[in-house]
Amino acid sequence: MNYALAIHGGAGTISKQHITPDKEKEYLAVLKEAVLFGASILKSGGSSLDVVEKTVIFLEDIPLFNAGKGSVFTHHGHHEMDASIMCGQTMQAGAVAAVRNVKNPVMLSRKVMDESGFVLLVGRGAEDFAHHCALDFREDEYFFTQYRYAQWQMLKNSEVAEVDHFDNNKYGTVGAVALDNNGNLAAATSTGGLTNKKFGRVGDTSVIGAGTYANNNTCAISCTGYGEYFIRNVVAHDVSALMEYKNMTLADATDVVVHHKLKKAGGEGGLIAIDRQGNICMPFNTQGMYRGCANAKSENIQVAIY
Ligand code: ASP
C-alpha cells in the first residue's frame, strides 16, 4: 500500500491572537475528520479521483470553510462558487465557475469531466447542466453564514474584493490531493472566491493549471490564496513543469514556486501537493494555512494551522 492524502481549508493571515482556543480546536477536529474520511476510502481501495471529490464534498458541507455551504458573498449579496477536479492518470479535467445554488460545486465539476465533453462550464449554463445531471440545489439561505455576511457588510460599499482570510474571520477555499494504491494522482479544489467580488469575477480555483492540476508523471496540486496571482503565475502547472522539465523534487519545486516566484510577484497563499512516490508538501507564504495529511507509511494523521 502506498496511498497518500493532503487537504487544505484555505491560507491567509491566520494568527493565534485572532483565533480562540475553542475555534482552533474546532478547526483541527474538522480537518482531522476530513483526513480520516478520505484516508479510509483510500485504504479500502478507492481511487484518488473519488477520494478528492468526496473529501472536498465533505469540506463543502462544513460552513467553517469558504466553499459550498458557508461561501462568501459577492458584491450583489449572492454566492457564486468555483470548483475543479483533475485526474492525473487520464489528464482529464472538469471545472465550473460562478455557479449559484448548486449544493456541491465539486460534484458538478466531476460531472463536467465525466459527462459533458467539455472542461469548463460557467454560470447559468453550468447550472442547467447540474439540473440535467439531477444534482442537488439549495436556496440562498442554505449558503448563509452570519460572519461572512458581516464581512460583506464591511466591504460592500467599497471597491475592495477580499480573500476570505485577510481579516479576523479567516476561513477559506478547500482542496484535496491524493495518490491511490494504483499509483494514480488526482486533485480537486472548491471555493466561494473573494468577498465582494463583482462583474462575474472567477478565480484560480476554476482554472486548470492555476488552482488545480494533476499529472501521474509528476504531482497533484490544489492551491489557495489570492487567485489573480495564481492565474498569472499558472502556479499548479508550474510546480509540475519544474518537476517534469527540470527534474526537481516536489519539495524543491513547491518551494521555488510558493516561496520565491509567487512571493516575488506579491501573491499570498499556499498549496498542497503529492508526488507519485507519495511525498507530501504543504508550503504557504502566509501566516497560516488550514491543512492536514496522512499516508500509508505512518498511521499518524497530521493537522495544523500555523
Ligand atoms: N483562490 C481563491 C480565489 O481567488 C480564494 C481562496 O483561496 O481563498 O478565488
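Residues numbered from 1 in each chain as written. Predicted model: local features only at pLDDT ≥ 70, side-chain atom pairs only at ≥ 80, totals over all residues. Heavy atoms only, no water.

A closer look at unusual backbone geometry
Here comes step 1: Non-glycine residue Met-91 carries a positive phi angle of around 60°.
Here comes step 2: Along the polypeptide, Met-91 turns up in the loop between strand 2 (81-87) and strand 3 (93-99).
Here comes step 3: The phi torsion at Asn-101 lies on the positive side, around 70°, for a residue other than glycine.
Here comes step 4: Looking at where Asn-101 falls in the secondary structure, it is placed in the loop between strand 3 and helix 3 (105-116). (Helix = DSSP H or I, 4+ residues; strand = E, 2+ residues; numbered from the N terminus.)

Brief notes about the packing of aromatic side chains
Here comes step 1: Applying the stated criterion across every chain, the model contains 11 aromatic pairs.
Here comes step 2: Chaining the aromatic ring pairs together yields one cluster made of Phe-73, Phe-144, Tyr-149 and Trp-152. (Phe/Tyr/Trp six-rings, centres within 6.5 Å; stacked < 30°, edge-to-face > 60°.)

So, the pattern of salt bridges
Here comes step 1: Counted by the stated rule, this structure contains 8 salt bridges.
Here comes step 2: The partner of Glu-53 in a salt bridge is Arg-110, and the shortest N-O contact between them spans 2.9 Å. A residue pair is termed long-range when its members are at least 10 positions apart, and Glu-53 in helix 2 (residues 48-60) and Arg-110 in helix 3 qualify at 57 residues. The same class applies to Glu-53 as to Arg-110, namely buried.
Here comes step 3: Taking the shortest distance from any N to any O, the salt bridge between Asp-61 and Lys-103 comes out at 3.4 Å. Here Asp-61 is found in the loop between helix 2 and strand 2, whereas its partner Lys-103 is found in the loop between strand 3 and helix 3, with 42 residues between them in sequence.
Here comes step 4: Its relative accessible area of 29% is what places Asp-61 among the partly exposed residues.
Here comes step 5: Linked through salt bridges whose partners overlap, the residues forming this network are Asp-50, Glu-53, Arg-110 and Asp-114. (Salt bridge = Lys/Arg side-chain N within 4 Å of Asp/Glu carboxyl O. Buried < 20%, exposed > 50% of the residue type's maximum accessible area, 1.4 Å probe, protein only.)

Digging into the site of the ligand
Here comes step 1: Not every one of the 12 residues close to the ligand is listed here, only the nearest: Thr-173, Arg-201, Asp-204, Thr-224 and Gly-225.
Here comes step 2: Within the side chain of Thr-224, one N or O atom sits 2.8 Å away from an oxygen atom of the ligand.
Here comes step 3: Within the backbone of Gly-225, a nitrogen or oxygen atom sits 2.7 Å from a nitrogen atom of the ligand.
Here comes step 4: About the coverage of the ligand: the protein hides 100% of its 270 Å² of free accessible area.
Here comes step 5: Classifying every residue of the shell around the ligand by side-chain character gives 2 nonpolar, 8 polar and 2 charged. (Near = heavy atom within 4 Å. Polar contact = N/O pair within 3.5 Å; in protein donor to acceptor, adjacent residues only side chain to side chain. Areas by Shrake-Rupley, 256 points an atom, 1.4 Å probe, with all protein chains shown as cover. Nonpolar A, V, L, I, M, F, W, Y, C, P; charged D, E, K, R; others polar.)

Some details on the nonpolar core
Here comes step 1: Grouped together as the largest cluster of nonpolar side chains are 51 residues, with contacts concentrated most on Ile-7, Phe-65 and Leu-108.
Here comes step 2: Apart from residues no more than four positions distant in its own chain, Ile-7 is found in contact with Leu-31, Ala-34, Val-35, Thr-55, Leu-59, Gly-175, Ala-176, Ile-272, Tyr-290, Arg-291 and Gly-292.
Here comes step 3: Residues Met-86, Ala-93, Ala-187 and Phe-284 belong to the second largest nonpolar core, which totals 35 residues. (Core = buried A, V, L, I, M, F, W, Y, C linked by side-chain atoms within 4.5 Å. Contact = heavy atoms within 4.5 Å.)

With respect to the packing of helix 8 (residues 235-246) against helix 9 (residues 250-265)
Here comes step 1: It is at 9 Å that the axes of helix 8 and helix 9 come closest, and there the two elements cross at 135°. Here helix 8 is positioned oblique relative to helix 9, judged by the angle of their axes. By crossing handedness, the relation of helix 8 to helix 9 is classed as right-handed. Along its contact with helix 8, which presents Val-235, Asp-238, Val-239, Leu-242 and Met-243, the element helix 9 presents Leu-250, Ala-253, Thr-254, Val-256, Val-257, Lys-261 and Leu-262.
Here comes step 2: Residue classes in the contact of helix 8 with helix 9 are distributed as 9 nonpolar, 1 polar and 2 charged. (Axes fitted to C-alpha atoms, helices over the stretch in contact; angles between N-to-C directions. Parallel < 35°, antiparallel > 145°, perpendicular 65-115°, else oblique. Left-handed = near helix turned anticlockwise from the far one by under 90°.)

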